[in-house]
Amino acid sequence: MSTPSIPKSNRMPVGSVQCDNTTLNLLKANDFVAKAIREKLSDVLVINVCSSPGSGKTTLMQETGKRLSDKLNLAVLVGDPETDRDAVRMKEVGINALQIVTGGMCHIEAQMILQALDHIDLAGVDLLFIENVGNLVCPAAFDLGEDIRVTVLAATEGDDKPKKYPRMFLTSELMVISKADLLPYVPFSVEAVTQDAREVNPTIEVMTISSLKGEGLDEWCNWLLEKVAEKKARLATT
């Protein structure tokens, strides 16, 4: 018998213990809503993109839209405490986008996604990105009904983040090192950050990109196309 998967909200680094607190009831309720989202979006690949503020998530989404618009029908739900600036930036390059304003909250919750689905047309969409609020702490605990979680880490942030914020990297399938064009000018080791990330999560994939210079974007786009194809293939056999 296969071991049941552990909700991302419950995954903890080895050697750690989570103490009882009132947040647990909230996370259990969130997991219930996340399950409903997965059922509702069973034919769409959903990717939750997390990072610190200023890592380049929005620019990456824009460049992805430009490169894949003729291959995939994609949409983006964008989370921010205030303003709709990021959604406007998406729409400027032709991406179907909707802003989720969290009203000061430092993360998106599954119920916000469920509400947002009533306000965005996802008919025929192959790939839905959720651009989470910039934060490496709180978003790690909230399952949003995604198929894949990607954490973007900018070269300008320093290479010590996987060990400082292990839960985010533990619950991610891919770490994208962004702003690679700045690597020659900042104290950041791709080798060190990769080692730390894989000590936290041995199965995490790692990719290095520069959205401004185009470095690594073909690899990123091919990875997305592969993941969309994999989900479609799974659906075809069920």
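Computed from a predicted structure; not experimentally measured.

Asker: Before we go on, may I ask you to explain the sheet that holds strand β4 (residues 127–131) in this structure?
Answerer: Backbone-to-backbone hydrogen bonds pair the strands of a sheet. The strands run either parallel or antiparallel. Read from one edge of the open sheet, seven strands run β3-β2-β4-β1-β5-β6-β7, paired in parallel fashion. The strands lining the two open edges of the sheet, one partner per strand, are β3 (96–101) and β7 (205–208). Sheet twist, expressed as the mean angle between neighbouring strand axes with direction ignored, is 20 degrees. Judged from the five bridges that link them, strand β1 (residues 45–51) and β4 form a sheet pairing that is parallel. From the neighbouring strand, leucine 45 faces β4, where its bridge partner is leucine 127. Against the sheet, helix α2 (residues 57–68) makes contact with β1, β2 (74–80), β4 and β5 (148–154), and its axis sits at roughly 165 degrees relative to β4, the strand it touches most. Against the sheet, helix α7 (residues 190–200) touches β5, β6 (174–178) and β7, its axis set at about 160 degrees to β6.

Asker: Help me understand the pattern of salt bridges, please; the structure alone is not making it clear to me.
Answerer: Two side chains with opposite charge may pair up if their charged atoms get near one another. Here the structure, examined in full by the defined rule, presents 14 salt bridges. The closest approach of N and O atoms between arginine 38 and aspartate 143, which form a salt bridge, is 2.9 Å. In this pair, arginine 38 sits in helix α1 (residues 23–40) while aspartate 143 sits in the loop between β4 and β5, placing the two residues 105 residues apart along the sequence. By relative accessible area, arginine 38 is classed as partly exposed at 32%. Looking at aspartate 143, the relative accessible area reads 5%, which means it is buried.

Asker: Before we go on, may I ask you to explain helix α3 (residues 85–92) in this structure?
Answerer: Of all the residues in α3, the buried ones are Asp86, Ala87 and Met90. Seen end-on, α3 carries its buried residues on one side only, within an arc spanning 100 degrees. More than 90 degrees from the buried face of α3, the exposed residues found are Arg85, Lys91 and Glu92. Directly beyond the C-terminal end of α3, a positive phi value near 85 degrees is found at glycine 94.

Asker: Before we go on, may I ask you to explain the packing of α2 against α3 in this structure?
Answerer: Two numbers describe a pair of packed helices, the interaxial angle and the distance between the axes. Contact geometry of α2 with α3 gives a least axis separation of 9 Å together with a crossing angle of 20 degrees. Comparing the axis directions of α2 and α3 gives the class roughly parallel. Here the hand of the crossing between α2 and α3 comes out right-handed. Residues Thr58, Thr59, Met61 and Gln62 of α2 touch α3, and the partners they reach there are Asp86, Arg89 and Met90. Split into classes, the residues belonging to the contact of α2 with α3 amount to two nonpolar, three polar and two charged.

Asker: Would you mind showing me how to read α2 here?
Answerer: An α-helical segment advances 3.6 residues per turn. Residues three or four places apart therefore align on the same side. Across its 12 residues, α2 extends 16 Å between first and last C-alpha, which sits within 8% of the 16 Å expected from 1.5 Å per residue. Counting buried residues along α2, nine of its 12 residues qualify, which places the element largely inside the surrounding structure. Looking at the buried residues of α2, the elements they touch are β1, β2, α3, β4, β5 and α8 (217–236).

Asker: Explain the pairing of β2 here, please?
Answerer: Remark: a regular strand shows side chains that alternate across the two faces of the sheet. Most of β2 sits out of view: seven of its seven residues are buried. Residue alternation in β2 divides its side chains into two sets, Leu74, Val76, Val78 and Asp80 and Ala75, Leu77 and Gly79, and both sets are buried. Note: β2 against β4, five bridges, orientation parallel. From the neighbouring strand, valine 78 faces β4, where its bridge partner is glutamate 131. As paired strands, β2 and β3 are joined by six bridges and run parallel to one another. By the bridge assignment, leucine 77 is partnered in β3 with leucine 98.

Conventions used here
Residues numbered from 1 in each chain as written. Predicted model: local features only at pLDDT ≥ 70, side-chain atom pairs only at ≥ 80, totals over all residues. Heavy atoms only, no water. Pairing = 2+ DSSP bridges. Helix = DSSP H or I, 4+ residues; strand = E, 2+ residues; numbered from the N terminus. Axes fitted to C-alpha atoms, helices over the stretch in contact; angles between N-to-C directions. Contact = heavy atoms within 4.5 Å. Salt bridge = Lys/Arg side-chain N within 4 Å of Asp/Glu carboxyl O. Buried < 20%, exposed > 50% of the residue type's maximum accessible area, 1.4 Å probe, protein only. Arc of directions from axis to C-beta. Parallel < 35°, antiparallel > 145°, perpendicular 65-115°, else oblique. Left-handed = near helix turned anticlockwise from the far one by under 90°. Nonpolar A, V, L, I, M, F, W, Y, C, P; charged D, E, K, R; others polar. Expected span 1.5 Å × (residues − 1).

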